[in-house]
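Residues per chain, in single letters:
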Amino acid sequence: MQVTELESAGLKRAFTVVVPAGQIAEQRDKRLAALAKDVRIPGFRPGKVPAAIIRQRYGAAVMSEVLEQSVGDAIRQVISDRGLRPALQPKVELKSGGEGQDLEFRMDVEVMPEVPMPDFGAIELERLKASPTDEQVDKALAAIAERNRTLEDIPESRPAAKGDVVVCDFTGRRRKEGAGDDSPEAWEAFPGGSASDMPIEVGGSGFIPGFTEQLEGIVPGETRTITVTFPAEYGVPDLAGKEARFEVTAKALKRPVVPPVDDELAKKIGFEDLSKLRDFVRQQIQGEYDALSRMRLKRALLDKLAEQASFAVPEGMVEAEFAQIWQRVEADLKAGRLDEEDRGKDEEALRAEYRGIAERRIRLGLLLAEIGRTNNIQVAPEELARAMRQEAARYPGQEQQVMEFFRRTPQAAEGLRAPIFEEKVVDFMLELAKVTEREVAPEELTAAPAPQTAAA
């Protein structure tokens with residue numbers, strides 16, 4: 001095999017590789033000979049089919065297989081002989097490789113960069129700490145009581161007031177495409193637009209904006225037509241931004257009864273008494289604050305690393321990452337869901353900004369991977385198994401199928417391994433960095449900028 005280096009600039013390498021025709025022919029003939037031992041053709045005994053017939057019938061297919069394998073073998077040999085660490089699968093351009101010809105192809109590959117190790121001891125970080133207040137615990141307990149409310153009949157006959165619950169039947173219809181009048185033919189029913197015995201709080205949330213407010217004043221037995229417009233960002237594209245009419249019939253009027261926050265409420269939801277429930281709620285809020293503090297600290301650490309990391313990154317990896325990001329941006333553009341800070345920017349500005357984000361992600365990803373590799377940070381089998389079980393638990397009744405899927409699909413399991421590895425690398429760096437703690441009010445912790453990770 002003859003290898004000629006064509007390019008060695010930055011992270012890009014290019015080679016011309018020539019595999020002699022004789023070597024290709026030898027491999028082809030071996031394959032055909034092995035095939036001849038087992039092939040069955042009417043009129044010939046097994047193993048006695050003439051070589052000419054074998055070549056005529058199977059020569060092209062075997063030649064194709066031999067060329068494909070020879071290219072793969074040659075690429076692996078070039079990578080091994082030259083000590084390359086490919087960032088992506090090499091690109092191959094076939095130059096020649098027909099019958100009786102040398103196999104010649106061009107191989108382009110981007111290699112992994114040299115990643116310098118940061119000075120972890122020089123990184124200074126601040127960890128924000130917050131504790132839940134009694135008022136926050138009381139508010140959370142009140143929300144629990146609200147979720148456990150009951151409904152009792154309102155015996156007197158009166159119009160529904162804000163806060164009352166109307167039990168009703170309704171049928172919804174949307175305006176047909178192109179219909180401009182208000183005739184019955186201009187409206188059509190849509191999936192999920194009808195219900196029976198539905199309790200709806202007057203002025204409450206959870207329905208299409210403007211729906212529950214129009215129930216105020218309705219009395220049991222009354223039928224009322226309500227007109228609303230689905231939000232532009234509604235999850236069902238066929239309904240988003242569309243006008244709809246609901247024919248609502250009130251059947252009963254009830255009032256919500258919120259139980260007091262006491263021992264009885266605690267026992268109802270599985271706690272010994274109110275004190276135990278209060279402790280549980282406080283621990284839950286504290287866990288949320290601790291998780292948020294961790295995310296803020298991690299973001300600050302990654303920002304510090306990004307400032308230090310200035311090495312080149314493979315363009316192919318950046319382009320692949322950018323393509324994924326831009327696909328989501330384009331979807332948000334079409335759906336009108338762009339972030340507030342992105343609205344008003346032209347496509348060129350958005351592309352430049354998100355390509356920068358893609359480059360940051362790749363650079364930080366490579367840096368974290370190299371830190372982990374250099375310091376022998378690994379994900380233990382039991383850690384991965386625990387993550388699989390946690391993921392499977394999200395699908396009650398299908399846990400066994402999910403676990404089997406992970407066993408059959410290594411790339412899916414790798415998707416669970418990557419975040420565990422990242423967190424372990426972050427823990428390693430935080431142990432070496434200079435981290436000070438500052439107690440803050442919960443409002444300061446929650447008001448900080450939205451956290452991101454290396455993959456965000």
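Whatever comes next refers back to the structure up there.
Residues numbered from 1 in each chain as written. Predicted model: local features only at pLDDT ≥ 70, side-chain atom pairs only at ≥ 80, totals over all residues. Heavy atoms only, no water.

1. Topic: the environment of D181
For step 1, the next point in the chain: You can see D181 is positioned in the loop between β7 (165-175) and β8 (187-201).
For step 2, the next point in the chain: When the C-alpha positions of D181 and P260 are compared, they lie 52 Å apart, and in sequence the two are 79 residues distant.
For step 3, the next point in the chain: The residues contacting D181, other than those within four sequence positions of it, are R175, A186 and W187. (Helix = DSSP H or I, 4+ residues; strand = E, 2+ residues; numbered from the N terminus. Contact = heavy atoms within 4.5 Å.)

2. Some details on the sheet that holds strand β4 (residues 103-110)
For step 1, the next point in the chain: Taken together, the four strands give an open sheet; going across it, the order is β1-β2-β4-β3, and neighbouring strands pair in antiparallel fashion. In this open sheet, the two strands that pair with only one neighbour each are β1 (2-9) and β3 (91-96). The sheet shows a mean angle of 15° between the axes of neighbouring strands, direction not considered.
For step 2, the next point in the chain: Pairing of strand β2 (residues 12-19) with β4 involves eight bridges; the strand directions are antiparallel. Each bridged residue has a counterpart across the sheet, and for V17 the counterpart in β4 is F105. (Pairing = 2+ DSSP bridges. Axes fitted to C-alpha atoms, helices over the stretch in contact; angles between N-to-C directions.)

3. Re the side chain of T16
For step 1, the next point in the chain: Looking at where T16 falls in the secondary structure, it is placed in strand β2.
For step 2, the next point in the chain: A relative accessible area of 17% means that T16 is categorised as buried.
For step 3, the next point in the chain: Apart from the residues lying within four places of it in its own chain, the contact partners of T16 are Q2, V3, T4, L6, E104 and F105. (Buried < 20%, exposed > 50% of the residue type's maximum accessible area, 1.4 Å probe, protein only.)

4. Focus: the nonpolar core
For step 1, the next point in the chain: Formed by 34 residues in total, the largest nonpolar core has its most connected members in L301, L305 and M429.
For step 2, the next point in the chain: Of all the secondary-structure elements, those providing two or more residues to this core are α5 (274-308), α6 (315-335), α7 (347-374) and α10 (410-432).
For step 3, the next point in the chain: Beyond its immediate sequence surroundings of up to four residues, L301 is in contact with I123, L125, V426, M429 and L430.
For step 4, the next point in the chain: I24, M63, A74 and F105 belong to the second largest nonpolar core, which has 26 residues in total. (Core = buried A, V, L, I, M, F, W, Y, C linked by side-chain atoms within 4.5 Å.)

5. Some details on the pairing of β3
For step 1, the next point in the chain: Judged from the five bridges that link them, β3 and β4 form a sheet pairing that is antiparallel. Paired with L94 across the strands is F105, a residue of β4.

6. Details of the pattern of salt bridges
For step 1, the next point in the chain: All chains considered together, the criterion is met by 47 salt bridges.
For step 2, the next point in the chain: In this structure, R85 and E370 form a salt bridge, with 3.9 Å as the shortest nitrogen-oxygen distance. Pair noted here: R85 is in the loop between α2 (51-81) and β3 and E370 is in helix α7, with a separation of 285 residues, a long-range link.
For step 3, the next point in the chain: E370 sits in the buried class, given a relative accessible area of 11%. (Salt bridge = Lys/Arg side-chain N within 4 Å of Asp/Glu carboxyl O.)

7. Topic: the packing of aromatic side chains
For step 1, the next point in the chain: Applying the stated criterion to the full structure yields twelve aromatic pairs.
For step 2, the next point in the chain: On the basis of an interplanar angle of 85° and a centroid distance of 5.9 Å, the ring pair of F120 and F428 is categorised as edge-to-face. With F120 in the loop between β4 and β5 (124-129) and F428 in helix α10, the pair connects residues that are 308 residues apart, well separated along the chain.
For step 3, the next point in the chain: With a centroid separation of 6.1 Å and an interplanar angle of 90°, the aromatic rings of F190 and F246 are classed as edge-to-face. One end of the pair, F190, is in strand β8; the other, F246, is in strand β10 (residues 243-257), and 56 residues separate them in sequence. F246 shares its class with F190; the two are buried.
For step 4, the next point in the chain: Through a chain of ring-to-ring contacts, three or more aromatic side chains come together here, namely F170, F190, F207, F211, F230, Y234 and F246. (Phe/Tyr/Trp six-rings, centres within 6.5 Å; stacked < 30°, edge-to-face > 60°.)

8. What about the packing of helix α8 (residues 381-392) against α10?
For step 1, the next point in the chain: Running from amino to carboxyl end, α8 crosses α10 at an angle of 120°, the nearest separation of the two axes being 10 Å. Judged by the angle between their axes, α8 and α10 are oblique. Handedness of the crossing formed by α8 with α10: right-handed. Seen from α8, the contacting residues are E383, L384, A387, M388 and E391; seen from α10, they are A413, L416, R417, I420 and K424. (Parallel < 35°, antiparallel > 145°, perpendicular 65-115°, else oblique. Left-handed = near helix turned anticlockwise from the far one by under 90°.)

9. A closer look at unusual backbone geometry
Note: most peptide bonds trans; most residues except glycine with negative phi.
For step 1, the next point in the chain: Even without a glycine there, the phi angle at D197 is positive, about 55°.
For step 2, the next point in the chain: Tracing the chain through its elements places D197 in strand β8.
For step 3, the next point in the chain: Overall, D197 belongs to the partly exposed group, its relative accessible area being 46%.

10. Some words on the packing of α5 against α10
For step 1, the next point in the chain: At a minimum axis separation of 11 Å, α5 and α10 run at an interaxial angle of 75°. On the basis of the axis angle, α5 is roughly perpendicular to α10. Across from R294, L297, K298, L301 and L305 in α5, the residues of α10 making contact are E422, E423, V426, D427, M429 and L430.
For step 2, the next point in the chain: Of the residues that constitute the contact of α5 with α10, the class distribution is six nonpolar, no polar and five charged. (Nonpolar A, V, L, I, M, F, W, Y, C, P; charged D, E, K, R; others polar.)

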